[in-house]
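# Analysis of the macromolecular model
So the chains spell out like this:
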Amino acid sequence: MAQIRVQHLHKAFAAFTAVQDSTFTVRDGEFFCLLGPSGCGKTTTLRMIAGLELPTSGQVFLGDEDVSFKRASARDIAFCFQMFALYPHMNVRQNIAFPLVSQGLPKAEINRRVNEAATTLRITGLLGSSVSGLSSGDRQRVALGRAIVRQPMAFLMDEPLGALDAEFREVMCNELRALHDRLQATTVVVTHDQTEAMSMADTIAIMNRGVIEQLGAPMEVYERPASVFVADFIGSPAMNFLPFEAALSRGCETVQIGLARVAVPALRQDVPQSALLCGVRPEHVHFADDSALRAEVLGTEYLGTSQIVTVATALGTTLRAKVDADSPVARGDHVGLRFDASAVSLFDHASGRVLQTARDDHPLAAWGRAAFDRRTEAGARHG
Ligand code: ATP
């Protein structure tokens, strides 16, 4: 296995820029997700790593080798376009063996690798079966088998779970991550589904309109979003945003929103009079009778262990609070709102960028960054 290094990668289709100045490293053995909405440039990035698309400028390194202009077949990478693209006239064994037969490997070696892959994927009993009668999950396992027998330096997967229904996607999400942990293979997965990325990845690159807006561990991008776009894209229900205007001085720990003074993490910069956004996740919104930030309850959504309460503030902003299921609130109630100060993010409204605050030192962000290192260290010890 090897690390993948992407440097200042740029792709234009005529006058349209699909990928703009992307720079990131997928570490050896890392599970890396490219996440973003449709059309943001994820697949184009993956195709440039695979060698299926040439960059307009920039470089791709596989290990120490610059492979930017090498053909796909000359790169030691397995690319899974669509997990379900199996050869219908071949059985499971023949499908998995196909890339090795194409390489002309000796029959004994092919059998050894196919049996090993089937054991890893727990489909040994299916090797003699026709692929046409398989369930979608087993078809996906066979497609994965065809990728892993090659023993490539890295795996690239484009929306590997996209064709599955929601319930089964969750199961395969866990399986894909477990498979990765067994193989310790450098893996890049493209997905538009933030839940999928959050549950599988060591590191997520969140793309918007061809640009990577943030790179980080799941916990880091959730706890400390670098932009309004990331804050809104990650998490469900999404982060709440309260607009306000102010000039703020470095070190200040409260902001005035309407009639209320709202506590925030200490600011690390002076901010001239401008339009700003106060961002707070639903689980950090609480009801407090003595708060000057008043709101009316518009509705509640019972979720068993919690409930999502939608409120409209006196300033006309709609917020969602995730509170205990037994919190006694009902439509039409008037409530005061309090936020966990340490969990508030402040953004510049015009640029969408986060303002620098003491949240940068949040221990959870550092924990998230260190999580991959701990996992790989543990993997090395157990391997
Ligand atoms: P999706 O999940 O919808 O595929 P994506 O994030 O993977 O989204 P890309 O497929 O990378 O997005 O496409 C990025 C943009 O580049 C899109 O607007 C797409 O229309 C455009 N694009 C991709 N390939 C080409 C091409 N060969 N010629 C022209 N435009 C292209």
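Before reading further, recall that the structure is shown in the block above.
Residues numbered from 1 in each chain as written. Predicted model: local features only at pLDDT ≥ 70, side-chain atom pairs only at ≥ 80, totals over all residues. Heavy atoms only, no water.

## Regarding helix H1 (residues 42-50)
- Buried residues dominate H1, accounting for seven of its nine residues.
- Lys42, Thr44, Thr45, Leu46, Met48, Ile49 and Ala50 are the residues of H1 that are buried.
- A positive backbone phi angle near 95° is found at Gly51, which sits one or two residues after H1. (Buried < 20%, exposed > 50% of the residue type's maximum accessible area, 1.4 Å probe, protein only. Helix = DSSP H or I, 4+ residues; strand = E, 2+ residues; numbered from the N terminus.)

## Details of the packing of helix H3 (residues 107-121) against helix H4 (residues 136-148)
- Contact pair H3 / H4: the axes reach a minimum separation of 9 Å and the direction vectors enclose 135°. Classified by the angle between their axes, H3 and H4 sit oblique to one another. Crossing hand, H3 versus H4: right-handed. Between H3 and H4, the residues in contact are Ala117, Thr120 and Leu121 and Arg141, Leu144, Gly145 and Ile148, respectively.
- Residues of the contact of H3 with H4, tallied by class, amount to four nonpolar, two polar and one charged. (Axes fitted to C-alpha atoms, helices over the stretch in contact; angles between N-to-C directions. Parallel < 35°, antiparallel > 145°, perpendicular 65-115°, else oblique. Left-handed = near helix turned anticlockwise from the far one by under 90°. Contact = heavy atoms within 4.5 Å. Nonpolar A, V, L, I, M, F, W, Y, C, P; charged D, E, K, R; others polar.)

## Structural notes on the sheet that holds strand S7 (residues 154-158)
- The six strands lie next to each other as S6-S7-S8-S3-S9-S10, forming an open sheet whose pairing is mixed. A strand with exactly one partner marks an edge of an open sheet, and here the two such strands are strand S6 (77-80) and strand S10 (211-216). Averaged over all adjacent pairs, the angle separating strand axes in this sheet is 15°, with direction ignored.
- When S7 meets strand S8 (residues 187-191), the two strands line up parallel, connected through four bridges. Bridging from a neighbouring strand, Asp158 pairs with Val190 of S8.
- Packed onto the sheet, H1 meets strand S3 (31-35), S6, S7, S8 and strand S9 (203-208) and runs at close to 150° relative to S7.
- Across the face of the sheet, helix H5 (residues 166-183) comes into contact with S3, S7 and S8 while running at roughly 140° to S3. (Pairing = 2+ DSSP bridges.)

## Here's the deal with the pairing of S7
- Counting buried positions over the five residues of S7 gives five, a clear majority of the element.
- Pairing analysis gives four bridges linking S6 to S7, with the strands arranged parallel. Each residue of the ladder has a partner; that of Cys80, found in S7, is Met157.

## Describing the pattern of salt bridges
- Summed over the entire model, instances satisfying the criterion amount to 13 salt bridges.
- Asp202 is the partner of Arg177 in a salt bridge, and the nearest nitrogen-oxygen pair spans 3.3 Å. Here the residue Arg177 occupies a position in helix H5, and Asp202 occupies one in the loop between helix H6 (194-200) and S9, the gap between them amounting to 25 residues. The residues Arg177 and Asp202 share a single accessibility class, namely buried.
- Connected through shared salt-bridge partners, Glu109, Arg112, Arg113 and Glu116 make up one network. (Salt bridge = Lys/Arg side-chain N within 4 Å of Asp/Glu carboxyl O.)

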